[in-house]
Structure formats: C-alpha cells, structure tokens
Amino acid sequence: MEANDVLFDIKKTGRLLVKSEEKQYNNIYYCTNEDLAALVKRFDVSGKDILSVLGSGDQAFYFYVNGAKSVDLFDINKLTIYYYYLRLWVIKYIGDYYPDIEFSTYIEDLLSIVKLESEDEEFALLYWKMFISNYSVDSMKALFNFNNSSMNYNRMEDVSELREKIQGKKPVFYNLDITEDVSRQVNKKYDVVYVSNIRNWINISGKSWEQYRNSLYYLLGDKGVILCSNVVSEGPYEKEDIIFRRNFIFKNLGREDTYALFKLSRPGYTYVKRR
Ligand SMILES: C[S@@+](CC[C@H](N)C(=O)[O-])C[C@H]1O[C@@H](n2cnc3c(N)ncnc32)[C@H](O)[C@@H]1O
C-alpha cells in the first residue's frame, strides 16, 4: 500500500457518502450484532491462529481478549481496516470501546495524539486526516451502518484487559472476497476462520457455495475449524450444509439463553476440516 492508494480510497469514500454502489467501498458496521460473548463462551479461541472477518472490529477484539494467539483480518470492504485503527486508538488512548457516536472534534483531538507502530496504522491515520479535511468530521456519521437495534450489545465496559492483549499486535489485513479464489492473496494456514454470517449474503447473491467452501478449505490447516455465527436465523442453509459436509464435519455450538436480540438459542455452529 502507498499514500496514493489512500488518496484513491478517499475519493471513493466521497462517492460512498453520496451513494453506496461498490462492495469494496461500502458503509462500515459501527458495531456488531452477533452474540460474541456467547460465541467465545461456547468456542475456545485461546492459543489459536485466527483469520476473522473484520466488519466493525468487535469480532477481533473479542478474540484477542479471550486469548487468541494471533488474529488476521479479511473483508471485502476496504474501508474496514481504517475503522479498525480508529477503534484501536479509541481503546488505547481514550479508554472507550466505541468512538463517540457524534464523532465531533473529539476525533481531531484523538488523531493528534496517535503514536504510529506500523505502516497500516500510518495509512489509517492519513485516511482519517484526509477524510476530515475533505469531507469534515460532521460527515463521518454517513460512513457507518449503525446496526441500530444492537447498539452497545457487545460493548466492553472496561477495556483495560483488551488494551493489554492488543499491545504490539499487528494483524495482517486481506481485502478479499471469501467467495472467490483467495489462494493468490493468502499463503498462511489458520486454526480457525471466523466468517460471521457471511452465508446470508451468499444466499441472497446466488454466489457459489462450492467456491466459498474451497476457499475456506484452502485457508485452514489440519483439523482447522470454520466458525459461523447465527444472526436472524439458526444453522446452515440446506445447500450450504450438503456442500460443506463433503469436506467438513458439522458441529453445533451449545445452547445459550442470552441472545435477546434475535431470540436465537445457539450463537453459531462450526465445520471441522476432514483429513
Ligand atoms: C458478514 S457482515 C455481517 C454483519 C455482522 N453481523 C456484523 O454485525 O458485523 C460483516 C462483514 O463481512 C463483510 N463481507 C460480506 N461478504 C463478504 C465476502 N464475500 N467476503 C469478504 N467479506 C465479506 C462485510 O463487508 C462486513 O464488513
């Protein structure tokens, strides 16, 4: 990545502020509507090398705080990595879990105290500074999808443990579509790939379940696990399940009574890679 790429992203962001047209430049989830606390209670992430969907960043933060060895990130939306760093700074320097919903001059003050630790962080800082000078802080709200009903659902009230656990972590970010062939973009194998509820998008778009499965199979090491969350409805689609069972063993996560938002009893399910 180079400074010119950030400039290109800023121009694309300007278009997005008027109308969302491209998957690569789309509204960013401000927070997440998955039951992440129940998910990590039912699925042990400690000591694991994880590749997680990035989205709002909540997922990665839950994996870190619950002892993941490493968390790399992927998302079809290029802008998510910029938000990840904005959130990291809010956690590190302000001690809040989410940015102030009004954004306001708070953001400008925050950007002025960031100490850079990686190139990705440097580009994120450049992005937000350019965003403010091109579109103003007031336009920031238009960049987000607020997942209204779930606002604060995954909020960590005390971020001190998270702060400690994310110290010095430098996740690799892949801007990719997991339903396409990813073998030229990623050459690492993971213990776990967290796909959240991407299946809902695949079902609507009519994309290939086979290619999605093949990509996940490629990304996982021996006995690697795909972790999927339940949002709105429970369990895999029939077609998804038939295709995945050829290469993976299905296992449901345990029941929970806590997911009030969608009244679901299980936070998600897994597929374990067959040898
Ligand atoms: C699956 S969405 C779901 C929203 C989620 N329940 C939440 O609240 O964050 C999370 C992220 O997945 C990304 N995404 C959707 N389809 C994708 C795909 N085919 N490949 C990679 N990322 C994808 C979206 O851009 C979004 O940032």
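All values derive from a computational prediction rather than experimental measurement.

Some points on the overall build of the protein
- The helix and strand inventory of the protein stands at 10 helices and 9 strands.
- Projected onto its principal axes, the C-alpha coordinates of the protein cover approximately 50 × 35 × 35 Å.
- Per-residue burial for the protein yields a buried fraction of 53% across its 275 residues.
- Across the protein, the fraction of contacts at a sequence separation of at least 24, relative to all contacts at a separation of at least 6, is 74%.
- Roughly 12600 Å² of accessible area belongs to the protein as shown, and the carbon and sulfur atoms make up 47% of that amount.
- If the 37 positive side-chain charges of the protein are averaged to one point and the 39 negative ones to another, these points end up 6 Å apart.

A word on the nonpolar core
- In this structure, Tyr84, Trp89 and Trp128 are the most contacted members of the largest nonpolar core, which totals 90 residues.
- Setting aside residues no more than four positions away along its own chain, tyrosine 84 makes contact with Leu54, Ala60, Phe61, Tyr64, Leu73 and Pro171.

Re the site of the ligand
- Around the ligand there are 21 residues in total, and Asn33, Glu34, Asp75, Asp177 and Asn197 lie nearest to it.
- Asparagine 147 places a polar side-chain atom, nitrogen or oxygen, 3.0 Å from an oxygen atom of the ligand.
- Contacts to the ligand include aspartate 177, whose side-chain N or O atom sits 2.8 Å from a nitrogen atom.
- Considering the ligand on its own, with 580 Å² of exposed area, one finds that the protein chains cover 94% of that surface.
- Broken down by class, the residue content of the shell around the ligand amounts to 8 nonpolar, 10 polar and 3 charged.

Observations regarding the pairing of strand 3 (residues 70-74)
- Of all 5 residues that make up strand 3, 5 are buried, and the element is covered over most of its length.
- Sheet analysis places strand 2 (residues 49-53) next to strand 3, joined by 5 bridges and oriented parallel. Along strand 3, the bridge assignment pairs serine 52 with leucine 73.
- With respect to chirality, the unit in which strand 2 leads through helix 3 (residues 58-65) into the neighbouring parallel strand 3 is right-handed.
- Here 2 bridges tie strand 3 to strand 5 (residues 173-174), and the two strands are oriented parallel to one another. Bridge assignment links phenylalanine 74 to a residue of strand 5, and that residue is tyrosine 174.

Some words on the packing of aromatic side chains
- Here the structure, examined in full by the defined rule, presents 30 aromatic pairs.
- Judged by centre distance (5.4 Å) and plane angle (15 degrees), the ring pair of phenylalanine 61 and tyrosine 84 falls under stacked. Remark: tyrosine 84 occurs in helix 4 (residues 80-94) and phenylalanine 61 occurs in helix 3; sequence separation between them is 23 residues.
- A relative accessible area of 2% means that tyrosine 84 is categorised as buried.

Looking at the pairing of strand 7 (residues 220-229)
- Judged by how many residues are buried, strand 7 sits mostly within the fold: 8 of 10 residues are covered.
- In this structure, strand 6 (residues 190-196) lies alongside strand 7, joined through 5 bridges in parallel fashion. Bridged to tyrosine 194 within strand 7 is leucine 227.
- Where strand 7 and strand 9 (residues 268-273) come together, 5 bridges link them in antiparallel fashion. Pairing of isoleucine 226 across the sheet is with tyrosine 271, part of strand 9.

Remarks on the environment of isoleucine 107
- With respect to the element layout, isoleucine 107 can be found in helix 5 (residues 104-111).
- In the structure, isoleucine 107 is positioned 60 residues away from glycine 47 in sequence and 34 Å away in space, judged by C-alpha atoms.
- Setting aside chain neighbours within four positions, we find isoleucine 107 in contact with Leu86, Ile132 and Met140.

A closer look at helix 3
- Burial within helix 3 is extensive, with 8 of its 8 residues counted as buried.
- What helix 3 keeps buried is the set Asp58, Gln59, Ala60, Phe61, Tyr62, Phe63, Tyr64 and Val65.
- At the exit of helix 3 stands glycine 67, carrying a positive phi of roughly 95 degrees.

Describing unusual backbone geometry
- Residue phenylalanine 103 is not a glycine yet carries a positive backbone phi of 60 degrees.
- Tracing the sequence through the fold places phenylalanine 103 in the loop between helix 4 and helix 5.
- We note that serine 196 has phi near 45 degrees; this positive angle belongs to a residue other than glycine.
- Within the secondary structure, serine 196 sits in strand 6.
- Judged by its relative accessible area of 6%, serine 196 is buried.

Thresholds, definitions, all that
Residues numbered from 1 in each chain as written. Predicted model: local features only at pLDDT ≥ 70, side-chain atom pairs only at ≥ 80, totals over all residues. Heavy atoms only, no water. Helix = DSSP H or I, 4+ residues; strand = E, 2+ residues; numbered from the N terminus. Buried < 20%, exposed > 50% of the residue type's maximum accessible area, 1.4 Å probe, protein only. Contact = heavy atoms within 4.5 Å. Areas by Shrake-Rupley, 256 points an atom, 1.4 Å probe, with all protein chains shown as cover. Lys, Arg positive; Asp, Glu negative; His and termini not counted. Charge placed at Lys NZ, Arg CZ, Asp CG, Glu CD. Core = buried A, V, L, I, M, F, W, Y, C linked by side-chain atoms within 4.5 Å. Near = heavy atom within 4 Å. Polar contact = N/O pair within 3.5 Å; in protein donor to acceptor, adjacent residues only side chain to side chain. Nonpolar A, V, L, I, M, F, W, Y, C, P; charged D, E, K, R; others polar. Pairing = 2+ DSSP bridges. Right-handed = clockwise from strand over helix to strand, strands pointing away. Phe/Tyr/Trp six-rings, centres within 6.5 Å; stacked < 30°, edge-to-face > 60°.

Read these as spatial facts, not as claims about activity.
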